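As a plain string of letters, each chain reads:
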Amino acid sequence: MRRLPPLTALEAFVQVARLGSVKAAAEELALSTPALSRRVQALERFIGRPLFDRKHQALEINAEGQRLLDDIAPALDSLAQALENIQSGGNQLRLRLAVMPLFATQRLFPHLGALRTLHPQLHIDIETTPYAVARLGEGLDAAIVLAKDIDAALYAHELDHDEIYVIGARSLLETPNALTSPEELARHTVLLHRDMPLAFDAWKEAVSLPELQPLAIDNYDSGQLMLEAAAQGLGVAFMHASHFKEAADSRLVRLFPIRVESPYRYYFVCRPRALQTRAVRIFRDWLVTADI
């Protein structure tokens, strides 16, 4: 058999080529940048020609490198899949997914039966950790998060655009406690989610009341509890339109029907390397095409 270069060198090359960044590839492989560069250089010495053009401490794949990537990337993906199959016994795929509880109950779980029908071999371990992005690659394969933006070193697919709704108890539309103007929020408590801390500020800017100060701001790490608190008259929640609509809670009403685009989005995120695993690819492909 013809001698082959070290698998670690091939892996380093593919990661740099796919991510377009030595730093991002080094983080993906848990290596220092110099160590990763040495692996790429070792592969270039083995082949006898450069695979990247060096430009001001950056690497840009050249024509030879692109041809090699096109030839070996599918083989490496097949190798990774073969190892995954032997680890799972060949008949089960497992995805370790972090997801926010409200998204899970309102939008994900109602559709998981359809996913199971399509891919009965796929099983999902679900966590509701608040530090999902930090744990990607370390106990988590992927996550569905609510954020303004995502680190460029990660793979991210935006799942929606939404509006900020002001949500309160139905009694707030009834006299004598009727809330008739945004200025009257000064005598109410505002409820905010820890992953949407700027929702109230964005709404105030949109309605031209940047100096508006509520009675208090209470912070929550659970969207479900925020909705219940609002229904119980404990405050006015600033959340997404989908949160209100999917809740379908007759105790809740939308206040001040003013269109305000949210600065936050739901994203499916993972490390680029995770997309090489079949479980992640299956879930990602289903998620972005399903009506969720």
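Just above, that's the structure.
Residues numbered from 1 in each chain as written. Predicted model: local features only at pLDDT ≥ 70, side-chain atom pairs only at ≥ 80, totals over all residues. Heavy atoms only, no water.

**Here's the deal with helix α7 (residues 223-231)**
If you check which residues of α7 are buried, you get Gly223, Met226, Leu227, Ala229, Ala230 and Ala231. Here α7 starts with a cap whose side-chain oxygen sits 3.4 Å from the backbone nitrogen of glutamine 224, and that cap is serine 222. At the C-terminal side of α7, glycine 233 shows a positive phi close to 80°. (Buried < 20%, exposed > 50% of the residue type's maximum accessible area, 1.4 Å probe, protein only. Helix = DSSP H or I, 4+ residues; strand = E, 2+ residues; numbered from the N terminus. Polar contact = N/O pair within 3.5 Å; in protein donor to acceptor, adjacent residues only side chain to side chain.)

**Considering the packing of helix α1 (residues 7-19) against helix α3 (residues 33-47)**
The interhelical angle for the contact between α1 and α3, taken along N-to-C directions, is 110°, at an axis separation of 8 Å. Between α1 and α3, the interaxial angle falls into the category roughly perpendicular. Along its contact with α1, which presents Thr8, Ala9, Leu10, Ala12, Phe13 and Val16, the element α3 presents Leu36, Arg39, Val40 and Leu43. Within the contact of α1 with α3, the residues separate by chemical class into 8 nonpolar, 1 polar and 1 charged. (Axes fitted to C-alpha atoms, helices over the stretch in contact; angles between N-to-C directions. Parallel < 35°, antiparallel > 145°, perpendicular 65-115°, else oblique. Contact = heavy atoms within 4.5 Å. Nonpolar A, V, L, I, M, F, W, Y, C, P; charged D, E, K, R; others polar.)

**A short note on the pattern of salt bridges**
Scanning the entire structure with this criterion turns up 19 salt bridges. A salt bridge links arginine 284 to aspartate 285, with the shortest nitrogen-to-oxygen separation between them at 2.6 Å. With a relative accessible area of 17%, arginine 284 lands in the buried category. On the basis of relative accessibility, which here comes to 38%, the residue aspartate 285 falls in the partly exposed class. Look at the salt bridges and you will find they share partners, linking Arg49, Glu64 and Arg67 into a network. (Salt bridge = Lys/Arg side-chain N within 4 Å of Asp/Glu carboxyl O.)

**Description of the sheet that holds strand β4 (residues 122-127)**
Strand pairing within a sheet occurs via backbone hydrogen bonds; the two strands may be parallel or antiparallel. What the 5 strands build is an open sheet, ordered β4-β3-β5-β12-β6; its pairing is mixed. Single-partner strands in this sheet number two, and they are β4 and β6 (155-158). Each neighbouring strand pair of the sheet contributes to a mean axis angle of 25°, computed without reference to strand direction. In this sheet, strand β12 (residues 265-270) lies alongside β6 in antiparallel orientation, the contact comprising 4 bridges. Residue histidine 157 lies in a different strand from β12, and its bridge partner there is phenylalanine 268. This element, helix α5 (residues 101-118), spans β3 (93-99), β4, β5 (142-147) and β12 of the sheet and lies at about 170° to β4. Packing of helix α9 (residues 278-289) onto the sheet brings it into contact with β3, β4, β5, β6 and β12, and relative to β3 it is tilted by some 55°. (Pairing = 2+ DSSP bridges.)

**With respect to the sheet that holds strand β9 (residues 216-220)**
Pairing within the open sheet is mixed, and its 5 strands lie in the order β9-β8-β10-β7-β11. Taken across any chain shown, the strands that pair with only one partner, and hence form the sheet edges, are β9 and β11 (252-255). Shown here is a sheet whose adjacent strand axes are inclined to one another by a mean of 35°, direction ignored. Pairing of strand β8 (residues 189-193) with β9, which is carried by 5 bridges, proceeds in the parallel orientation. Opposite leucine 191, over in β9, you have aspartate 218 as the bridge partner. Its contacts with the sheet place helix α6 (residues 199-206) against β7 (164-169), β8, β9 and β10 (236-240), and it is angled at close to 105° to β7.

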